[in-house]
Amino acid sequence: MLEACADPATLSGLDWLGCYLTTGKHWAFYASFGVVLLLLAVVVPFALMFGFAGAAAARSRVWPVSLLGKGYSNIVRGVPDIAFFLFFVIALDQAFEYLRHRVLCPDWDQPVRQGSDFVVCTAAKLPLSSAPQWVHETYGFLLAVLTFAIVYGAFTAQVLYGAMRAVPRAQMETAEAYGMSHTQAFWRILVPQMWVYALPGLGNLWMILIKATPLLFLLGVEDIVYWARELGGTKAAKFSAYPHGDWRMWYFGALLVFYLCLTWVSEKGLDRLMRRLSRGQATAAGEALRKVAA
Amino acid sequence: MSCLQTIADYGLRSIGIGERLLPRTDFTLCQQFTLIGSGMIWNIYFGVVALAAGFFLATAVALGKGSRHWWLRKPSEWFIFLFRGSPLFIQFFFAYFAFLSLKSVHPVFDPFTAAWLGALIVLFLNTSAYTAEIFHGALKSIPRGDIEAADAYGFTGWARFRKITWPTMLRLAWPAYTNEAIFLFHATTLVFFSGFPAWQQRGDALYYASYFADKTFNPFVPYPILAGYFILLTLSVIGLYGLVNRRLNRHLPQIGRRRMRIRPNLIR
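Explanation requested: the pattern of salt bridges in the structure shown.
Any two side chains of opposite charge can pair, on the condition that their charged atoms come close. All names here are of chain B. Following the criterion strictly, the structure yields 6 salt bridges over all chains and no others. Where arginine 144 meets glutamate 148, a salt bridge forms, and the shortest distance between an N and an O atom there is 3.3 Å. Of the two residues, arginine 144 and glutamate 148 are both situated in helix α6 (residues 144-152); the distance of 4 residues between them amounts to about one turn of the helix. When its relative accessible area of 45% is taken as the criterion, glutamate 148 is described as partly exposed. Ionic pairing is found between aspartate 151 and arginine 160, a salt bridge with its closest N-O pair at 2.9 Å.

I would appreciate a short explanation of the interface of chain A and chain B in the present structure.
In many analyses, interface size is given as the accessible surface area lost on bringing the parts together. Taken residue by residue, the interface counts 41 residues in chain A and 44 residues in chain B. Of the roughly 3800 Å² buried between chain A and chain B on both sides combined, carbon and sulfur atoms contribute 77%. Here chain A is connected to chain B by 0 salt bridges. For the pair chain A and chain B, the number of links is 4 residue pairs in polar contact (both at pLDDT 80 or more). Broken down by secondary-structure element, the contributors of at least two residues to the side of chain A that touches chain B are α3 (63-78), α4 (81-104), β2 (117-118), α5 (133-166), α7 (182-212), α8 (224-232) and α9 (248-278) of chain A.

Please explain the layout of surface pockets as it appears in this structure.
A probe as big as a water molecule, rolled over the atoms, marks out the empty space that is left. Reported here for the second largest pocket is a volume of approximately 660 Å³. Forming the boundary of the second largest pocket are 27 residues, of which Gly140, Phe141, Leu219, Gly220 and Val221 of chain A lie nearest the centre. Of all elements in the fold, only α2 (24-59), α4 and α5 of chain A together with α8 (205-216) of chain B reach the threshold of two or more residues within the lining of the second largest pocket. The element best represented in the lining of the second largest pocket is α5 of chain A, accounting for 8 residues. Tallied by class, residues from the lining of the second largest pocket come to 18 nonpolar, 5 polar and 4 charged.

How do you make sense of the environment of leucine 205 of chain A when you look at a structure like this?
Along the chain, leucine 205 of chain A falls in helix α7. The spatial distance from the C-alpha of leucine 205 of chain A to the C-alpha of tyrosine 152 of chain A is 8.1 Å, given a sequence separation of 53 residues.

Would you explain the nonpolar core in this entry?
Counting 152 residues, the largest nonpolar core has Phe148 and Tyr152 of chain A together with Phe135 of chain B as the members making the most contacts within it. Among the elements that make up this core, the one with the highest residue count is α5 of chain A (15 residues). For phenylalanine 148 of chain A, the contacting residues outside a window of four places in its chain are Leu39, Val43, Phe85, Gly153, Leu209, Ala212, Thr213, Leu216 and Leu219 of chain A. Grouped together as the second largest cluster of nonpolar side chains are 6 residues, Val112, Phe118, Val120 and Ala124 of chain A included.

What should I look at first to understand the side chain of threonine 59 of chain B in this one?
All names here are of chain B. Tracing the backbone shows threonine 59 in helix α2 (residues 29-65). By relative accessible area, which is 8% here, threonine 59 ends up buried. At 2.8 Å, the side chain of threonine 59 forms a polar contact with the backbone oxygen of phenylalanine 55. Among residues more than four places away in sequence, those in contact with threonine 59 are Phe135, Phe161, Trp166 and Met169.

What's the story with unusual backbone geometry in this structure? I'm lost.
Residue and element names in this part refer to chain B. Positioned with a positive phi, glutamine 200 is a non-glycine residue whose angle comes to about 50 degrees. Mapped onto the elements of the fold, glutamine 200 is located in the loop between α7 (157-187) and α8. What makes glutamine 200 partly exposed here is its relative accessible area of 28%. The backbone of phenylalanine 217 shows a phi angle near 55 degrees, a positive value even though the residue is not glycine. With respect to the helices, strands and loops of the structure, phenylalanine 217 is situated in the loop between α8 and α9 (222-248).

Would you mind going over the packing of helix α3 (residues 70-85) of chain B against helix α5 (residues 115-140) of chain B with me for this structure?
For any two helices packed against each other, the geometry comes down to the angle between their axes and how far apart the axes lie. All names here are of chain B. Put simply, α3 and α5 touch, their axes get as near as 8 Å, and they point 115 degrees apart. When the axes of α3 and α5 are compared, the pair comes out roughly perpendicular. Of the two elements, α3 crosses α5, and the hand of that crossing is left-handed. Each of Phe79, Ile80, Phe83 and Arg84 in α3 lies in contact with α5, whose residues at this interface are Leu125, Asn126, Ser128, Ala129, Tyr130, Ala132 and Glu133.

Thresholds applied
- Residues numbered from 1 in each chain as written.
- Chains lettered and ligands numbered in written order.
- Predicted model: local features only at pLDDT ≥ 70, side-chain atom pairs only at ≥ 80, totals over all residues.
- Heavy atoms only, no water.
- Salt bridge = Lys/Arg side-chain N within 4 Å of Asp/Glu carboxyl O.
- Helix = DSSP H or I, 4+ residues; strand = E, 2+ residues; numbered from the N terminus.
- Buried < 20%, exposed > 50% of the residue type's maximum accessible area, 1.4 Å probe, protein only.
- Contact = heavy atoms within 4.5 Å.
- Buried area = accessible area lost by both parts, 1.4 Å probe.
- Polar contact = N/O pair within 3.5 Å; in protein donor to acceptor, adjacent residues only side chain to side chain.
- 1 Å grid on protein atoms, 1.4 Å probe; cavity = no way out; pocket = protein on both sides within 12 Å on 5 of 7 lines; lining within 4 Å.
- Points joined across faces, edges and corners; volume = space filled by probe spheres on them.
- Nonpolar A, V, L, I, M, F, W, Y, C, P; charged D, E, K, R; others polar.
- Core = buried A, V, L, I, M, F, W, Y, C linked by side-chain atoms within 4.5 Å.
- Axes fitted to C-alpha atoms, helices over the stretch in contact; angles between N-to-C directions.
- Parallel < 35°, antiparallel > 145°, perpendicular 65-115°, else oblique.
- Left-handed = near helix turned anticlockwise from the far one by under 90°.

Bear in mind that shape data such as this cannot, by itself, settle questions of function.
If you want it as structure tokens, here you go:
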């Protein structure tokens with residue numbers, strides 16, 4: 001807090017705006033942009049892991065495993081993903097609490113579901129009711145990450161499954177001819193080659209993931225949407241040093257610009273990455289690059 | 001209370017016909033099925049109207065983006081970038097608060113803050129932008145021979161567009177457009193979670209599903225019901241669009257027909 005801002009009532013014009021935009025709550029708002037980027041950074045590896053597992057399962061020759069993998073990657077097609085978000089946040093929370101309940105309170109004899117209540121013993125509560133605020137917030141964020149990873153893992157599974165099928169069959173046949181086992185061929189031949197085919201789809205998913213980040217708000221995390229609503233709402237002179245009318249429109253306008261910049265930068269970045277990876281590849285894009293160079 | 005009675009009471013609850021109060025305790029499966037199904041009316045309304053209106057704007061914007069004149073091309077490009085580059089969720093919020101501000105200027109804007117019009121406009125513009133991009137891609141991949149043949153036959157202007165360019169564009173774009181339609185229907189579930197109030201608790205399917213999940217603290221019943229409804233809706237969209245696809249491709253040899261593949265573009 002700057003000294004010039006000690007008495008906001010005396011300020012006007014740009015000074016006022018400058019002080020207004022540097023209040024403690026605004027710093028929390030700016031920090032929440034970091035939360036969005038952090039979410040993106042944490043979700044990507046997990047979603048890739050879930051997706052890889054799903055795609056590998058879908059390829060399995062064991063019928064129930066492949067059914068599971070295909071079911072996982074296909075269910076998200078028919079159902080709005082926001083329904084999954086709302087579902088998983090409660091379902092995961094209850095699943096964790098139920099597991100802890102079974103482990104920590106083995107001599108509990110009442111049912112867990114009593115009418116409209118979900119009752120577990122106090123020791124099994126997650127996070128414990130005595131835990132400090134930051135534990136609650138972190139737990140909420142982790143639940144959100146897991147939810148995102150499960151839903152986007154399903155989308156990734158679809159992309160990777162397609163990429164695995166795009167690797168030329170002859171490559172696998174050659175591997176088999178050399179006497180590799182199924183597992184060896186999968187890890188040594190299929191997996192290294194599939195990424196080129198997967199990249200366009202994964203890039204697309206990245207753009208989609210960026211545009212899904214505001215849904216964090218629905219999962220109860222204090223993200224940019226939360227702060228924009230909070231800060232933009234009408235502030236009366238009685239309760240705030242910086243009274244103003246309903247500015248939510250401007251705050252959401254700022255968010256809109258933020259996301260436009262993020263997608264624009266990503267688009268450019270992905271284009272570059274694709275060009276780099278296509279260099280020397282036997283694909284149409286690689287061919288075009290060769291022609292330009294020649 | 002029998003299930004038929006529940007359906008009579010709550011079947012049209014989402015549009016304000018029937019019982020005024022939502023059930024509060026002792027939720028039955030029948031109530032959950034009925035109310036969530038009743039909410040689907042809104043999802044279908046938003047989806048159908050936005051798609052029908054968006055189709056025409058999308059065609060115009062796609063032509064604009066392919067235009068030789070910069071004053072047509074630039075606005076179209078910006079329009080597409082604006083709506084495809086930002087999350088629909090934020091667009092809803094922004095539009096709602098913008099309409100709220102306008103409302104205080106003039107009462108003409110009153111209905112815009114209600115979901116049935118305000119959210120519909122956002123969905124309409126959003127689907128127009130996504131569809132325009134699809135149509136633009138299809139326009140660019142119209143075989144050159146088709147256009148040359150049209151020229152050779154003396155087709156020009158409107159006649160060439162109506163008889164040659166437009167049907168070919170639709171034919172090429174149709175599989176992708178089907179996906180867009182599916183995901184627009186999915187996107188309609190965002191409406192009542194993004195500022196637009198559900199007046200008198202008249203909400204869409206997800207609104208009621210989350211109502212039940214909150215009240216019973218049991219997500220394992222309402223959300224699978226919702227999923228079931230949406231899978232049915234998705235299948236009917238695929239069926240309907242498949243019929244149109246058959247018609248668009250009816251002049252092609254059977255084997256050469258492009259098989260429709262449903263590939264998701266997921267969320268906006």
